[in-house]
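# Understanding the architecture of this molecule
Chain by chain, the residues:
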Amino acid sequence: RCLISRVRPLPGSAQMDGAMLVQLLRTSVELGMTFSDKLWTFPAAVPFSSEEVASLLQAAFSQPTSYATSLFIQRAAQLPALAELSCSRIAQLMQAAAKQYCRDAVNLLQPLGMVYGAGLVDLCRHSAAQQLSSEQLLQPLLIVVRCSAECTQSLCQLPAAQQLGSEAVATLLRVAL
């Protein structure tokens, strides 16, 4: 923590590009380091591309629940480039968040695991989520129907849910039982 505070004012920190910072952030979340919050203040964090934001969220959603991961997801979800994510990328992130959330919910690991469910609900509010196909929606829905009424409700409110056929609905009901 002290090291980042000391390095941040150096001229080289302003010259770092987004790719360098993405790698540092990804490493920090994989190692569960809480100081990653300081890395978000580097100038390179401002112009992250949508793909960089997606890769950071994907990395976070694949990590075990921790305080550091919780902070990381909250911070990444506030980046402006998130609004530019494609429909297919949103679907991938939804599935990753659903898997980790339900893994934690089933194992009752930590209350911090709720951040994955909150992340999934936030992704449902994303404009690209409104264009998901029923097939894209079905994957995370099949995961969360077993462990979260709130996430299931958020996914079912998306337009693609109205396009689910009788077989898909029957499968959801079987999985939920």
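Residues numbered from 1 in each chain as written. Predicted model: local features only at pLDDT ≥ 70, side-chain atom pairs only at ≥ 80, totals over all residues. Heavy atoms only, no water.

Another aspect to go through is the confidence of the model for the protein. Mean pLDDT over the protein stands at 84; residues scoring 70 or higher make up 91%. Considering each helix and strand of the protein separately, the mean pLDDT is smallest for helix α1 (residues 2-7), with a value of 71, and largest for helix α9 (residues 134-144), with 95. (pLDDT = per-residue confidence, 0-100. Helix = DSSP H or I, 4+ residues; strand = E, 2+ residues; numbered from the N terminus.)

On to the state of the cysteines, then. In protein chemistry, a disulfide is the covalent bond that joins the sulfur atoms of two cysteines. Counting across every chain of the model gives one disulfide. With its sulfur 1.8 Å from that of its partner, Cys-102 forms a disulfide with Cys-147. Within this pair, whereas Cys-102 is found in helix α7 (residues 87-107), its partner Cys-147 is found in the loop between α9 and α10 (149-156), the two being separated by 45 residues in sequence. Taking relative accessible area as the criterion, Cys-147 reaches 23% and is therefore assigned partly exposed. Not engaged in a disulfide, the cysteine Cys-124 finds its nearest cysteine sulfur in Cys-151; these two sulfurs lie 7.4 Å apart. Sulfur of Cys-156: no disulfide; nearest cysteine sulfur belongs to Cys-124 and is 9.5 Å away. (Disulfide = S-S within 2.5 Å. Buried < 20%, exposed > 50% of the residue type's maximum accessible area, 1.4 Å probe, protein only.)

The next thing to look at is the nonpolar core. Residues Leu-21, Phe-48, Phe-61, Met-94, Leu-132 and Leu-155 are the most contacted members of the largest nonpolar core, which totals 60 residues. Of all elements in the fold, only α3 (18-30), α5 (50-61), α6 (67-76), α7, α8 (114-124), α9, α10 and α11 (166-176) reach the threshold of two or more residues within this core. Per-element accounting of this core gives the leading share, 10 residues, to α7. Apart from residues no more than four positions distant in its own chain, Met-94 is found in contact with Leu-120, Leu-123, Cys-124, Ala-129, Leu-132, Pro-140, Leu-155 and Leu-158. (Core = buried A, V, L, I, M, F, W, Y, C linked by side-chain atoms within 4.5 Å. Contact = heavy atoms within 4.5 Å.)

Glancing now at α10. Looking at α10, one finds that the buried residues are Cys-151, Thr-152, Ser-154 and Leu-155. All buried residues of α10 fall inside an arc of 160 degrees around its axis, so they share one side. Among the exposed residues of α10, those oriented more than 90 degrees off its buried face are Ala-149 and Glu-150. (Arc of directions from axis to C-beta.)

What follows is about a nonpolar patch on the surface. On the surface, Leu-3, Val-7 and Leu-10 cluster together into a nonpolar patch covering about 280 Å² of accessible area. Note that Val-7 resides in helix α1. Judged by relative accessible area, which is 34%, Val-7 ranks as partly exposed. (Patch = residues over 30% accessible without salt bridge, like charges linked within 9 Å, V, L, I, M, F, W, Y side chains within 5 Å. Areas by Shrake-Rupley, 256 points an atom, 1.4 Å probe, with all protein chains shown as cover. Salt bridge = Lys/Arg side-chain N within 4 Å of Asp/Glu carboxyl O.)

With respect to the helices and strands, the residue Pro-64 is situated in the loop between α5 and α6. Since its relative accessible area comes to 54%, Pro-64 is described here as exposed. Residues Pro-64 and Pro-47, spaced 17 residues apart in sequence, show a C-alpha to C-alpha distance of 28 Å. Residue contacts for Pro-64: discarding those within four places in its chain leaves Thr-69, Gln-100 and Tyr-116.

For the coordinates displayed, the defined rule picks out two salt bridges. Of the charged contacts, one joins Glu-51 and Arg-89 as a salt bridge, the two residues approaching to 2.8 Å between their closest N and O atoms. A residue pair is termed long-range when its members are at least 10 positions apart, and Glu-51 in helix α5 and Arg-89 in helix α7 qualify at 38 residues. Exposure remark for Arg-89: the relative accessible area of 14% places this residue in the buried category.

Moving on: α5. With 12 residues, α5 extends 16 Å between its outermost C-alpha atoms, agreeing within 8% with the 16 Å of an ideal straight helix rising 1.5 Å per residue. For α5, the buried fraction is high: 10 of the 12 residues fall into the buried class. Residues Ser-50, Glu-52, Val-53, Ala-54, Ser-55, Leu-56, Leu-57, Ala-59, Ala-60 and Phe-61 constitute the buried set of α5. (Expected span 1.5 Å × (residues − 1).)

Attention now moves to the packing of α9 against α11. Relative orientation of the contacting elements α9 and α11 amounts to 20 degrees, with a least axis distance of 9 Å. Relative to α11, α9 is oriented roughly parallel. Viewed along their axes, α9 and α11 form a crossing whose handedness is right-handed. Seen from α9, the contacting residues are Leu-138, Leu-141 and Leu-142; seen from α11, they are Ala-168, Thr-171, Leu-172 and Val-175. Here the contact of α9 with α11 is composed, by residue class, of six nonpolar, one polar and no charged. (Axes fitted to C-alpha atoms, helices over the stretch in contact; angles between N-to-C directions. Parallel < 35°, antiparallel > 145°, perpendicular 65-115°, else oblique. Left-handed = near helix turned anticlockwise from the far one by under 90°. Nonpolar A, V, L, I, M, F, W, Y, C, P; charged D, E, K, R; others polar.)

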